[in-house]
Amino acid sequence: MSTVRESDLIGIGKKYEIDTDAGDQMVVVIHDDGRRELYRHERSDHETHCVMTLSDEESRHVAGILGGLSYKPKALETIEVALDDLRIEWHKVGESNDGVENKSIGELGVRQKTGASIIAAIKDDETIINPGPDYIITSGTTLVIAGKRNNIKLLKEILL
């Protein structure tokens, strides 16, 4: 797992230094005005060079892409991300989900019964971020779910 070091930049924002598993070193500076700057450490000259600057909106869009909200590689049926107690997982609804298919999130009482949230629904080329209680779940849809481990376990029991 990669190493991340966080530090405050007084009057500027925060800096995150990331050492990846692949041996790369990257620095992300988040400015108080929302801009993000990405730097890469070049071993050849021992300097960090700004690779790009992104607006707040661009950064969030790129985060969604990197996090798999726009495209999930076919080889990955489930993905799991953990941030302290919060977990984010991808779950593909199969055709055998008789009790789930063609029912809405509200009908299933997802949040009330499990405490977990469906934060995105991905089917074919369409991604719906934060689908509401009227969203109908169909087979082949990949649901991005968030919650604590036991909340997600309860939601998966409903989805299976």
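This structure is a prediction, so every number in the text was calculated from the model and none was measured.

Participant: Help me understand the pattern of salt bridges in this model?
Facilitator: Side chains that carry opposite charge are capable of pairing whenever their charged atoms lie near each other. On inspection of all chains with the given rule, the structure shows 8 salt bridges. In this structure, Lys 14 and Asp 8 form a salt bridge, with 2.6 Å as the shortest nitrogen-oxygen distance. When its relative accessible area of 28% is taken as the criterion, Lys 14 is described as partly exposed. For Arg 36, the salt bridge identified is with Asp 56, shortest N-O distance 2.4 Å. With Arg 36 in strand E4 (residues 36-42) and Asp 56 in helix H1 (residues 56-66), this pair connects stretches of sequence that are 20 residues apart. In this structure Arg 36 comes out as buried when scored by relative accessible area, which is 14%.

Participant: In this structure, what is going on with unusual backbone geometry? I would like to understand it.
Facilitator: Glycine aside, a negative phi is what most residues show, and trans is what most peptide bonds show. Backbone geometry at Asp 124 places phi at a positive 55°, although glycine is not the residue there. As for its placement among the helices and strands, Asp 124 is situated in the loop between strand E9 (117-123) and strand E10 (126-129).

Participant: Quick question: what am I supposed to make of the sheet that holds strand E1 (residues 3-9) here?
Facilitator: Hydrogen bonds along the backbone pair up the strands of a sheet, which may run parallel or antiparallel. Spatial strand order, E1-E2-E3-E4-E5: 5 strands in an open sheet with antiparallel pairing. The open sheet is flanked by E1 and strand E5 (47-54), the only strands paired with a single partner. The mean inter-strand angle of the sheet, taken between neighbouring strand axes irrespective of direction, is 20°. The sheet contact formed by strand E2 (residues 13-19) and strand E3 (residues 25-31) spans 7 bridges and is antiparallel. Opposite Glu 17, over in E3, you have Val 27 as the bridge partner. Across the face of the sheet, H1 comes into contact with E4 and E5 while running at roughly 100° to E5.

Cut-off values and rules
- Residues numbered from 1 in each chain as written.
- Predicted model: local features only at pLDDT ≥ 70, side-chain atom pairs only at ≥ 80, totals over all residues.
- Heavy atoms only, no water.
- Salt bridge = Lys/Arg side-chain N within 4 Å of Asp/Glu carboxyl O.
- Buried < 20%, exposed > 50% of the residue type's maximum accessible area, 1.4 Å probe, protein only.
- Helix = DSSP H or I, 4+ residues; strand = E, 2+ residues; numbered from the N terminus.
- Pairing = 2+ DSSP bridges.
- Axes fitted to C-alpha atoms, helices over the stretch in contact; angles between N-to-C directions.
- Contact = heavy atoms within 4.5 Å.

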